Amino acid sequence: MRKPATLITGANGAMGHGLITTLHKKNYRNIVSLDLNQLDDSINNYCTEEIIGNIVDVVLIDQLNDEYEFDDIYHLAA
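Every value quoted in this text rests on a predicted model; they were computed, and no experiment measured them. (Residues numbered from 1 in each chain as written. Predicted model: local features only at pLDDT ≥ 70, side-chain atom pairs only at ≥ 80, totals over all residues. Heavy atoms only, no water.)

A look at helix 1 (residues 14–25)
Every α-helical turn comprises 3.6 residues, leaving residues that sit three or four positions apart pointing alike. Given a rise of 1.5 Å per residue, twelve residues ought to cover 16 Å, and the 17 Å separating the end C-alpha atoms of helix 1 matches this to within 8%. Taken residue by residue, helix 1 has Gly 16, His 17, Leu 19, Ile 20 and Leu 23 as its buried positions. Down the axis of helix 1, the buried set is contained in an arc of 165°. They therefore lie on one face. Among the exposed residues of helix 1, those oriented more than 90 degrees off its buried face are Ala 14, Met 15 and Lys 25. Of the surrounding secondary structure, the elements contacted by the buried residues of helix 1 are strand 1 (3–9), strand 2 (31–35), helix 2 (41–44) and strand 4 (68–75). (Helix = DSSP H or I, 4+ residues; strand = E, 2+ residues; numbered from the N terminus. Expected span 1.5 Å × (residues − 1). Buried < 20%, exposed > 50% of the residue type's maximum accessible area, 1.4 Å probe, protein only. Arc of directions from axis to C-beta. Contact = heavy atoms within 4.5 Å.)

Quick look at the structure:
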């Protein structure tokens, strides 16, 4: 059974940081971040899982879809 979650791509940018902080304050659970670079420690604790990877990696996206049922997807990657 897939786990419900919220996916944020481009999570390490300024907008991603702000969004993760806001969702955390609103008690969102199971936030999954996806970015090319590792998240700052100040924001990493708010995420259930941090994925370092590329949004155009089809295999990675398929793996995420197999594991999670995304209720929301915030696409902030450029």
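There is more to say, and it comes next.
A closer look at the side chain of Ser 33
For Ser 33, the location among the structural elements is in strand 2. Residue class for Ser 33 comes out buried when judged on its relative accessible area of 2%. Beyond its immediate chain neighbours, meaning those up to four positions away, Ser 33 contacts Ile 8, Ala 11, Leu 39, Cys 47, Glu 49, Glu 50 and Ile 51.

Section: the sheet that holds strand 1
Ordered by their spatial adjacency, four strands build an open sheet running 3-2-1-4, and the pairing between neighbours is parallel. Edge positions in the open sheet fall to strand 3 (49–52) and strand 4, since each of these has one partner strand only. Neighbour-to-neighbour, the strand axes of this sheet turn through a mean angle of 25°, independent of strand direction. Here helix 1 sits on the sheet and contacts strand 1, strand 2 and strand 4; the angle it forms with strand 1, its principal contact strand, is near 150°. Along the sheet, helix 3 (residues 58–67) contacts strand 1, strand 2, strand 3 and strand 4; its crossing angle with strand 4, the most-contacted strand, is approximately 130°. (Pairing = 2+ DSSP bridges. Axes fitted to C-alpha atoms, helices over the stretch in contact; angles between N-to-C directions.)

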